[in-house]
Amino acid sequence: MSQEQAQLDRIRVVLVQPSHPGNVGAAARAMKTMGLSHLVLVAPEGAPHRAPEAVARASGAGDVLAAARVTATLEEALAGVSLAAGASARRRTIPWPTLTAREAGPRLAAHAAGGGEAAVVFGRETSGLTNAELERCHLLLAIPANPEYSSLNLAAAVQVVAYELRLAVLAGEGGLPPAEATDQPPATAEELEGLYAHLERALVALDFLDPDNPRQLMRRLRRLFNRAHPDRMEVNILRGILGAAEAAARRGRGNS
Ligand code: SAH
């Protein structure tokens, strides 16, 4: 297998709750034309990838459809992924690091070249991705479309992104960029979710976070850590610190 193909195989396309089988088929075709093959459907209604309309629209990409995985949650779809980009045309409650599809291509390609698993997450035809879903992504990917009418058809958006990924891979984006150089593997989505859950528990225990009035605290902290893109050891260190803080808080309570 060529180096380019190995890189493309480490970039998965995740469709969250797609509702039209035709779009799923067309997305599979868009992927295969650009050499992508790893398709994951999150909580779709029924099995849209098996519907005759999907098979028809996939044309010669029936193999990508047949190999598509279905998961119940986005978390499962991102298992093993250490760089996730959420495709969205909409502005968010708080600004999140956002790249154009052209800028994101080399980032994702370089990540895959360094041996990491990457994902691009696409939203529902009707309502896109929720904030909670986008917060599981390290960065947002936007196709800079007509501001008056910026929402592409799902499969069309997959095509644009897949094309940019292919161009980036063919341009020879290799290895991790120096800014991310580390001797440890980057933390995976599961490891980061474990950190965020621990952080939230600890901040509540330390009376820093009021569960009845959380404001945007966790969202801002997720943005901070996603921007830093910590490696596995850094996540373990942070969790060790949280554990120590929780123990200190328990001891403090015991004394009073
Ligand atoms: N009506 C939805 C858009 C759905 S389009 C909304 O308001 O959010 C389906 C999916 O295609 C989106 O969730 C997104 O993942 C992708 N998409 C469509 N247009 C896009 C654009 N301009 N930039 C990035 N992704 C886009």
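On to the overall build of the protein. Secondary structure assignment for the protein yields 11 helices and seven strands. Oriented by its inertia axes, the alpha-carbon framework of the protein measures out at about 70 × 40 × 35 Å. Within the protein, the fraction of its 256 residues that count as buried is 44%. Put simply, of all contacts in the protein between residues at least 6 apart along the chain, 85% involve residues at least 24 apart. Roughly 12,500 Å² of accessible area belongs to the protein as shown, and the carbon and sulfur atoms make up 55% of that amount. The positive charge centre, built from 27 side chains, and the negative charge centre, built from 27, are 2 Å apart in the protein.

A word on the sheet that holds strand E2 (residues 39-42). A sheet is described by the order of its strands in space; here seven strands give the open sequence E3-E2-E1-E6-E4-E7-E5, paired in parallel fashion. Edge strands, defined here as strands with exactly one partner in the open sheet, are strand E3 (69-71) and strand E5 (98-100). Across the sheet, the mean angle from the axis of one strand to that of its neighbour is 30 degrees, orientation sign disregarded. Where E2 and E3 come together, three bridges link them in parallel fashion. Paired with Val42 across the strands is Thr71, a residue of E3. Helix H6 (residues 101-113) rests against strand E1 (11-16), strand E4 (81-87), E5, strand E6 (117-122) and strand E7 (139-142) of the sheet, and its axis sits at about 100 degrees to E5.

This brings us to the pattern of salt bridges. This structure, assessed with the given rule, holds 10 salt bridges. Between Glu133 and Arg124 there is a salt bridge, with its nearest N and O atoms 2.7 Å apart. By relative accessible area, which is 13% here, Glu133 ends up buried. A salt bridge links Glu193 to Arg222; the nearest nitrogen and oxygen atoms lie 2.9 Å apart. Of this pair, Glu193 sits in helix H9 (residues 189-205) while Arg222 sits in helix H10 (residues 217-228), placing them 29 residues apart in sequence. Like Glu193, the residue Arg222 is buried in the burial classification. Where salt bridges share partners, they join Glu75, Arg136, Glu193 and Arg222 into one cluster.

Our next topic: the site of the ligand. Near the ligand there are 19 residues, and of these Ala87, Arg90, Ile143, Ser150 and Leu152 occur at the shortest range. Within the backbone of Gly123, one N or O atom sits 3.0 Å away from an oxygen atom of the ligand. Here a nitrogen atom of the ligand sits 2.8 Å away from a polar atom, N or O, in the main chain of Ile143. Summarising the interface, the protein chains cover 89% of the accessible area of the ligand, which totals 540 Å² for the free molecule. Within the residue set of the shell around the ligand, elements represented by two or more residues are E7 and helix H8 (154-170). Of the residues contributing to the shell around the ligand, the split by class is nine nonpolar, seven polar and three charged.

By convention, interface size is frequently given as the accessible area that disappears when the constituent parts associate. Domain annotation for the protein reports domain 1 (3-178) and domain 2 (182-255). Each of domain 1 and domain 2 has a C-alpha centre, and the two are 28 Å apart. Summed over both partners, the interface of domain 1 with domain 2 buries about 1,500 Å², with 58% contributed by carbon and sulfur atoms. Considering only the surface of domain 1 that becomes buried against domain 2, Ile94, Glu135 and His138 emerge as the three largest contributors, covering 36% of it. Where domain 1 touches domain 2, the interface holds two salt bridges. In this structure, Arg136 engages Glu193 in a salt bridge whose closest nitrogen and oxygen atoms are separated by 3.5 Å. Between domain 1 and domain 2 we count eight residue pairs in polar contact (both at pLDDT 80 or more) in total. Looking at which element gives the most residues to the side of domain 1 that touches domain 2, the answer is E4, with three residues. In terms of residue class, the side of domain 1 that touches domain 2 is built from nine nonpolar, six polar and three charged.

Basis of the calculations
- Residues numbered from 1 in each chain as written.
- Predicted model: local features only at pLDDT ≥ 70, side-chain atom pairs only at ≥ 80, totals over all residues.
- Heavy atoms only, no water.
- Helix = DSSP H or I, 4+ residues; strand = E, 2+ residues; numbered from the N terminus.
- Buried < 20%, exposed > 50% of the residue type's maximum accessible area, 1.4 Å probe, protein only.
- Contact = heavy atoms within 4.5 Å.
- Areas by Shrake-Rupley, 256 points an atom, 1.4 Å probe, with all protein chains shown as cover.
- Lys, Arg positive; Asp, Glu negative; His and termini not counted.
- Charge placed at Lys NZ, Arg CZ, Asp CG, Glu CD.
- Pairing = 2+ DSSP bridges.
- Axes fitted to C-alpha atoms, helices over the stretch in contact; angles between N-to-C directions.
- Salt bridge = Lys/Arg side-chain N within 4 Å of Asp/Glu carboxyl O.
- Near = heavy atom within 4 Å.
- Polar contact = N/O pair within 3.5 Å; in protein donor to acceptor, adjacent residues only side chain to side chain.
- Nonpolar A, V, L, I, M, F, W, Y, C, P; charged D, E, K, R; others polar.
- Domains from an automatic or database assignment.
- Buried area = accessible area lost by both parts, 1.4 Å probe.

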